[in-house]
Each structure stands twice: as C-alpha cells, then as structure tokens.
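The primary structure of each chain is shown beneath.
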Amino acid sequence: MAGPGLGPAPPRLALALALLAALVAVKYYRDMEAARQQQELALKSLGNEGLFLFSSLDTNKDLYLSPEEFKPIAEKLTGVAPVSDSEEEEPPDPDGETLSIVAKFQPLLMETMTKSKDGFLGISHVALSGLRNWTAPAAPRSVLLARQFKAFLPPKNNLELGDPWWIIPSELNIFTGYLSNNRFYPPAPKGKEVIIHRLLSMFHPRPFVRTRFAPQGAVACIQASSSFYYTIAFRIHAEFQLNEPPNFPFWFSPGQFTGYIVLSKDSSHVRDFRLFVPNNRSLNVDMEWLYGASESSNMEVDIGYLPQMELESTGPSVPSVIHDENGNVLDSRDPSGEPIQFVFEEISWQQEIPWQEAAHRLEVAMYPFKKISYLPFTEAFERAQAEKKLVHSILLWGSGRTLRETVLESSPILALLNQSFVSSWSLVKELEELQSNRENEFYSKLAKLHLEKYNFPVEMIICLPNGTVVHHINANYFLDITSMKPEDVESSIFSFSTNFEDPSTATYLQFLKEGLQRAKPYLQP
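The structure displayed is predicted, hence computed values, not measured ones.

### A look at the overall build of the chain
Thought 1: Each helix and strand in the chain was counted, giving 12 helices and 22 strands.
Thought 2: Once local pairs closer than 6 in sequence are excluded, the contacts in the chain between residues at least 24 apart make up 70%.
Thought 3: Accessible surface computed for the chain: about 28100 Å², of which carbon and sulfur atoms make up 54%.

In structure tokens, the structure reads:
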C-alpha cells in the first residue's frame, strides 16, 4: 500500500490542473491575437515610418506612450529639458567648488570611411546628414560642481592600486543579446550615469551612456594615492545617436573613452580631469545606420578615424564663494578687477602605478580575453623570434565583437595561447599601410603574407616568426561549423573534441593545436 503523498493525484485535482492549463493557453492565445490586432491597427494608422518612430519611443512595447516615454518629444518641441530626479539626489552645496571644462573636437575624417572609396555610392545624403553636420562640440565649455565627480570615487572597501571596479556595470553579455537599434533618444540617466551623461553631452546632445552591445558601462581603478587625493583612471563604453526623425537611426560608437581624474577623497576638490577618445590607431570609430522602418531593416556598417574628441579641465576646481577667517564673503576679484589666483599645495603621491598598467587593467576588465597580451603586429613577430614561439594573429576589418566575447576569453584557449603563442590583433587598414611602406621590406612582406590569407570580416592566422602562414580560418566559417552538430561537419580538419562541452572552445583549441603540429617541420633544428 502506497504511503501518504505517493499515490496518483486525485481525479478532481488532475481535472482542475488540466482546466487551469487550458485557461492559461486560451488567455495566452487571446493576448497574442489582441497584440497582433493592435499592431495591425497601429500600422494602418501610422504607416511604416510612423510606426517606426512610435516604436523607437515605446520602450516597453505596450503600444502606449507614457509621459516618461513621450518626454524626448516634449523636450524637442518645447526646448526645455527638466532636471531629472536622479540629478537631485544630493542637493548642491552653494559654497562648493566648481570645475571649468572645455571640449575639443575635430570631426570624423570622411575619407577614412570604407564607403568613401567608391564615393559613398548607393548611400543617401540623408543617411549621413547627422554625421556630416557634426562639426563642433555641442557645448564648447561647461562649469560643473566638483562634488558631481563623486561618482568616480572607489567603493568603500579597500582596493589595491590597479584593482578595477564598475562605475556603471555592464548588463549585457553574449547570452543576453543586445539593445535595440531602433532608438533616437537616450533614456534618462540615473545615479552615477548622470555625470557621465552630462560630460558626454558636451560633445553631442544624444549620448547613450550604455552601448547597445557588450561590454557596456564604465570601469575605473586607482592609479595613484596620497593622504588626501586619488588619481582615478577610467574607461567608458558609450555611443551617440546622430540622427533624428524622420531620418533613420545612425549610431556613432568610438572604440572607447578613457582618461583620468585627480580627486580629493571627500570629492570636494578636483585637481585635474581629462577624458578622450584614443587616436593612436588608424581607425577608432564604428558606425551603423538603418535603411528601413523596422528593427529587422537592412543595416549599413562602416569604420573611420576621429582625430580628436576630448574634455579637459582648465585648472583645478575653485570655490564659488570665498570667505575670510571670520566667515565673511570676499569679492572674488582683486582691486584691479582680475580674478583672485589660488595657490594649491603640491600633491605628494605615496603609491603609484604607470598609466599603461592602469589602462591595461581596465581593458582586461572590459575584455577578459586580453588577459594575455595582444601585441602590435611587428612587435609580435620580434617577440616570437626571441621566444621561439608561433604567432597567433587576429586580422579584422572592424571590431571582431562576437569572437572576442566568446571563444577567445575561455580558460583553455587562454592557457594554450599563453604557453605556445605570441598574439597580435591588427586592422586590415594598418597592414595595408605597412605593406605599402617599403622602408622595411621584412615588415612589408609580413603584412603581405597576412593579407593574402585574409577574407572579410575576420581571419585567424597562425604563422612562423618569419611570417610563413601554417594555418588559418575565417571567422564566418568558424561560426558556421561550431553552430552545426558534430556529425554534420564534413571536414575532418576541424574536429570536435569530447573534452569540452562548448563546441566553439573545442574547435578553436583544435585549430591552435593543428597549427602547432603543422609548424613542427619548420621548427626542427
């Protein structure tokens, strides 16, 4: 005889559960049908382009615009932007210090875009209007309260120099997907997003503090520390929306914003501040724009070079009100009418790490695959020659987003690359320039051997220190075979390993091992 709770469910309970399941199914069907009908009515009322604009504002996709969702349009029509609640969390100190910041901006060089080679054939002038018209910063100068930079201070727990923390945590990864392309107006910033949004708004009125793709957000670390001050190094991934309705969205995504702030530990005083887009590589901006009134519309992509995008403080923050020793307010100008000059004590740093080390720590926080060094192209071959290793080279046209967020950051891949390879990460444009430079024939030959094997968009290459390519695989082919079932892969060149459940890791590991095997005849003494 079965014990309590072990027998079959009573008939009435089973019937009730079946009835409940049927009701849920009916409700789901009716909700879906109602949503479809509402979508059809909206399309009939607004047309494709009207519904596209409506959807870009309807963030929760309920076909209803709340006051918060309508706010960007209200601000556009009235020209008045109300202060958000998040900006009022901490009331400003009327006697607090203020910091003057200037924006320096040189527009993107249109001739560096790939599409410029054929004169932007097939690309409407309207699509690029936001880009072409962006020739100067939105606010060349701004005055901010020193305490607004409190967001850059480290968390309460004790951190060592170089230990990264998130100012704005990334909420996306390869599993969560990405945010919608069909948007024109940034969401209202909250908390620590406020100061970063305010700073980026000096460049353009529509900054998105969180990028559509991972890694998003902002990360920081302590570069130097004294009794009363920190130097905080930071890295921000943000982007801008350059177009407005009735045009389609145009996304402008710098590779990164980086910089530093010298800030008192109580955030009352800022000694120095600088934020900039690095311009030391031949391409530093990704661009994407839609060609239709839906999320699934065709998207055009391109890359280009931005010479300058920088914010810099004009000097240390200064008191907005000056008091004498008795608390009386003094005139901020001397008898001749000139502003009073402040003298600040020199900071004596007790601990400090180099800027390059701080920047690398932040890069690894954003991109775990950078736990191993990816050297400049020519330096990688020099290191491989000295260490008698192979070169593992990533040659790409754009960002290599999918590759860097998946297989390259897996532990088995990192271990093998660290043990047996010297790695490099290069843009096609950089190698084209190196190939055409005849001042160093060896480097020119290395670039030529790489470019002969390259296919769009990304080629992974294994080669000897002399540049001889022993193995290579295109990223598209790699992604295709790793998305197939093992029994469906015809080629035996890239077989799946049973040691790893992830087919991407297993296949890339096999690629690296086969490169080592093929190189053996060349490396024999």
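### Some thoughts on unusual backbone geometry
Thought 1: The peptide bond linking Ala214 to Pro215 adopts the cis configuration, its omega dihedral lying at -5 degrees.
Thought 2: With respect to the helices and strands, the residue Pro215 is situated in the loop between β4 (207-208) and β5 (217-225).
Thought 3: In this chain, Pro245 is followed by Pro246 through a cis amide linkage whose omega measures 10 degrees.
Thought 4: By secondary structure assignment, the location of Pro246 is in the loop between β7 (239-241) and β8 (250-254).
Thought 5: At Phe120, a residue that is not glycine, the phi angle is positive and equals roughly 55 degrees.
Thought 6: Relative to the helices and strands, Phe120 is located in the loop between β1 (97-106) and α3 (129-133).
Thought 7: Residue classification places Phe120 among the buried positions, given a relative accessible area of 14%.
Thought 8: Although it is not a glycine, Ser267 sits at a positive phi angle of roughly 60 degrees.

### Regarding the sheet that holds strand β20 (residues 421-427)
Thought 1: Spatially, the 5 strands line up as an open sheet ordered β18-β20-β19-β21-β22, and their pairing is mixed. Looking at strand neighbours, the two that pair on one side only are β18 (374-375) and β22 (469-474), the edges of this open sheet.
Thought 2: Note: strand β19 (residues 390-396) against β20, 7 bridges, orientation parallel. Bridged to Ser393 within β20 is Ser424.
Thought 3: Set on the sheet, helix α6 (residues 377-387) makes contact with β18, β19, β20 and β21 (458-463); between it and β20 the angle comes to about 170 degrees.
Thought 4: Sheet strands in contact with helix α10 (residues 441-453) are β19, β21 and β22, and its direction is about 130 degrees off that of β21.

### Quick word on the side chain of Arg235
Thought 1: Within the secondary structure layout, Arg235 lies in strand β6 (residues 229-237).
Thought 2: Despite its burial, Arg235 pairs with no opposite charge, the nearest such side chain being Glu363 at 4.2 Å.
Thought 3: At 3.0 Å, the side chain of Arg235 forms a polar contact with the side chain of His237.
Thought 4: If near-sequence neighbours (up to four positions away) are discounted, Arg235 is found in contact with Gly217, Ala218, Val219, Gly255, Gln256, Phe257, Thr258, Leu362, Glu363, Met366 and Tyr367.

### Here's the deal with the nonpolar core
Thought 1: If you look at the biggest cluster of nonpolar residues, it comprises 114 residues, and the most contacted ones within it are Phe149 and Phe273.
Thought 2: The residues touching Phe149, leaving out its near neighbours within four places in the chain, are Leu99, Ile101, Leu144, Ile195, Leu199, Ile261, Leu263, Val270 and Phe273.

### Comments concerning helix α8 (residues 411-420)
Thought 1: Residues of α8 that are buried: Ile413, Leu414, Leu416, Leu417 and Ser420.
Thought 2: Lining the buried residues of α8 we find β18, β19, β20 and α12 (503-523).

### Looking at the pairing of β22
Thought 1: Judged by how many residues are buried, β22 sits mostly within the fold: 5 of 6 residues are covered.
Thought 2: Where β21 and β22 come together, 5 bridges link them in antiparallel fashion. Across the sheet, residue Met460 finds its bridge partner in β22, namely Ile473.

### Remarks on the packing of α6 against α10
Thought 1: α10 packs onto α6 with a crossing angle of 100 degrees between their chain directions and a minimal axis gap of 11 Å. In terms of their interaxial angle, α6 and α10 are classed as roughly perpendicular. Within the contact between the two elements, α6 uses Phe377, Thr378, Phe381 and Glu382 and α10 uses Tyr443, Leu446, Ala447 and His450.
Thought 2: Grouping the constituent residues of the contact of α6 with α10 by class yields 5 nonpolar, 2 polar and 1 charged.

### Section: the environment of Thr258
Thought 1: Position of Thr258 among the secondary structure elements: in strand β9 (residues 257-264).
Thought 2: Assessed through its relative accessible area of 7%, Thr258 is described here as buried.
Thought 3: On a C-alpha basis, the gap between Thr258 and His237 in space is 8.9 Å, while along the polypeptide they are 21 residues apart.
Thought 4: Excluding residues that lie within four positions of it along the chain, Thr258 makes contacts with Phe234, Arg235, Arg274, Leu275, Phe276, Pro278 and Trp355.
Thought 5: Within the structure, the side chain of Thr258 is placed 2.9 Å from the backbone oxygen of Phe234, a separation counted as a polar contact.

### Comments concerning the pattern of salt bridges
Thought 1: As enumerated under the stated definition, the model contains 19 salt bridges in all.
Thought 2: We note a salt bridge from Glu345 to Arg271, for which the minimum N-O separation is 3.7 Å. Residue Glu345 is located in the loop between β16 (329-330) and β17 (351-352), and its partner Arg271 is located in strand β10 (residues 270-276); the two are separated by 74 residues in the primary sequence.
Thought 3: Overall, Glu345 belongs to the partly exposed group, its relative accessible area being 46%.
Thought 4: You can call Arg271 buried: its relative accessible area is 15%.
Thought 5: Salt bridges linked by common partners bring Lys115, Glu300 and Asp302 together as one network.

Calculation criteria
Residues numbered from 1 in each chain as written. Predicted model: local features only at pLDDT ≥ 70, side-chain atom pairs only at ≥ 80, totals over all residues. Heavy atoms only, no water. Helix = DSSP H or I, 4+ residues; strand = E, 2+ residues; numbered from the N terminus. Contact = heavy atoms within 4.5 Å. Areas by Shrake-Rupley, 256 points an atom, 1.4 Å probe, with all protein chains shown as cover. Buried < 20%, exposed > 50% of the residue type's maximum accessible area, 1.4 Å probe, protein only. Pairing = 2+ DSSP bridges. Axes fitted to C-alpha atoms, helices over the stretch in contact; angles between N-to-C directions. Lys, Arg positive; Asp, Glu negative; His and termini not counted. Salt bridge = Lys/Arg side-chain N within 4 Å of Asp/Glu carboxyl O. Polar contact = N/O pair within 3.5 Å; in protein donor to acceptor, adjacent residues only side chain to side chain. Core = buried A, V, L, I, M, F, W, Y, C linked by side-chain atoms within 4.5 Å. Parallel < 35°, antiparallel > 145°, perpendicular 65-115°, else oblique. Nonpolar A, V, L, I, M, F, W, Y, C, P; charged D, E, K, R; others polar.

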